[in-house]
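Take a look at the letters that make up each chain.
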Amino acid sequence: MQNIIEMQEIGKVFTTADFQTHALRNINMTVGKGEFVSISGPSGCGKSTLLSLMGLLEPASSGRYLLAGQQVDNLTFDQAARLRNLHIGFIFQSFNLVDGLSVFDNVALPLRYRVPKINKHDTQQRVQSCLEKVGLSHRSTHRPNQLSGGQQQRVAIARALVTQPSILLVDEATGNLDSKSGDAVMKLISDLHQQGTTICMVTHDPRYADMASRRVQLFDGELLTTVSRASGMVNTVFGPL
Ligand SMILES: Nc1ncnc2c1ncn2[C@@H]1O[C@H](COP(=O)(O)OP(=O)(O)OP(=O)(O)O)[C@@H](O)[C@H]1O
């Protein structure tokens, strides 16, 4: 299987005036094309930091990171933004939709930053197709505040898909939703995986973690175990459980 993500001995230290936090230590991790990996662990263990590094939202402090085969350490801000736009779709707990824009324009937003530019006709088709995937094509002219939380998260998923990313990074996508809407969003994410999308998802919910093809556990900034559903194999990478 071709690797989309390859992290070697990745570390992340946050330094504030009086404090250093080792958020991640010595992370060795690969994600193959088409895999669905869930990332779990206690609060503060480094899950969101790992996702931010994967998504080039911030650089690692040490180690080597290959994204889609390209070494991506030491990128400039603009280079990171361009690669992000090409390869990564994000879904966060907060939907981060722009209230002043229609559902259609929210989904189209990432395409505005594409180089080379995507013409109006192709934009129209891509947005429409993504809204159909999430079952909201009939709501394209609505504003986000006219939708339920679950529907807003589905718009955020359509926005993440519109750039046809190599990998979808999901951080507690169901955290702000009631259980019924949460289950619907997770079904959608699972369907996207069945259709071939690569997914890395942070979740606290063991039921949702179990939907992944591989489960990764973090503890205190270190990779603890990875469990593959296909093989049922538990591989203790570091330390005690
Ligand atoms: N920008 C930052 N500056 C300083 N410390 C940070 C920063 N971001 C995260 N940290 C610290 O890094 C550690 C890991 O944080 P992170 O948000 O990755 O944990 P998490 O596992 O996602 O937690 P939670 O489940 O509570 O969301 C924590 O100790 C946190 O305080």
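Conventions we followed
- Within every chain, residues take consecutive numbers counted from 1 along the sequence as written.
- pLDDT decides what is reported in this predicted model: residues at 70 or higher carry local features, side-chain atom pairs at 80 or more are listed and counted, and totals for whole chains, interfaces and linings draw on all residues regardless.
- Side-chain descriptors were evaluated using all non-hydrogen atoms of the structure, hydrogens and water having been removed beforehand.
- In DSSP terms, a helix is any run of H or I states spanning at least four residues, a strand is any run of E spanning at least two, and both are numbered starting from the N terminus.
- Any pair of nitrogen or oxygen atoms within 3.5 Å is treated as a polar contact; in protein, a donor-acceptor pairing is required on top of that, and neighbouring residues in sequence qualify only through side-chain atoms on both sides.
- Residues are treated as being in contact if the distance between any of their heavy atoms lies within 4.5 Å.
- To form a nonpolar core, buried Ala, Val, Leu, Ile, Met, Phe, Trp, Tyr and Cys residues must be joined to one another through side-chain atoms within 4.5 Å.
- Partly exposed residues are those whose accessible area sits between 20% and 50% of the maximum for their type, while under 20% is buried and over 50% is exposed, using a 1.4 Å probe and protein chains only.
- In this scheme, strands are said to pair when DSSP sees at least two bridges between them.

Draft legend 1. Quick look at the side chain of T198. In this structure, T198 sits in strand β8 (residues 198-202). At 3.4 Å, the side chain of T198 and the backbone oxygen of S166 are in polar contact. Here T198 is in contact with I4, V31, G32, K33, G34, E35, S166, I167 and L168, once residues within four sequence places are set aside.

Draft legend 2. Representation of the nonpolar core. With 36 residues, the main nonpolar core has L131, I157, L168, V170, I189 and I199 as its most contacted residues. Residue assignment for this core shows that the elements contributing at least two residues are α3 (103-108), α4 (120-133), α5 (149-161), β7 (167-171), α6 (179-194) and β8. Among the elements that line this core, the one with the most residues is α5, at six residues. Residues within four places of I189 in sequence aside, it is in contact with F36, I157, V170, A173 and I199. Core analysis: the second largest hydrophobic core is formed by 30 residues, I10, V31, Y65 and V202 among them.

Draft legend 3. Representation of the pairing of β7. Within β7, five of the five residues are buried, which leaves the element mostly enclosed by the surrounding structure. Here β7 shows two buried faces, one formed by I167, L169 and D171 and the other by L168 and V170. Pairing of strand β6 (residues 88-91) with β7, which is carried by four bridges, proceeds in the parallel orientation. The residue bridging F90 from the neighbouring strand is L169, located in β7. Sheet topology places β7 next to β8; five bridges connect them, and they run parallel.

Draft legend 4. Examining the environment of G150 more closely. Looking at where G150 falls in the secondary structure, it is placed in helix α5. Taking the relative accessible area as the measure of exposure, G150 reaches 7% and is therefore buried. It is 9.6 Å that separates the C-alpha atoms of G150 and D183, two residues lying 33 residues apart in sequence. Those residues in contact with G150, other than ones at most four positions away along the chain, are L177, S181 and V185.

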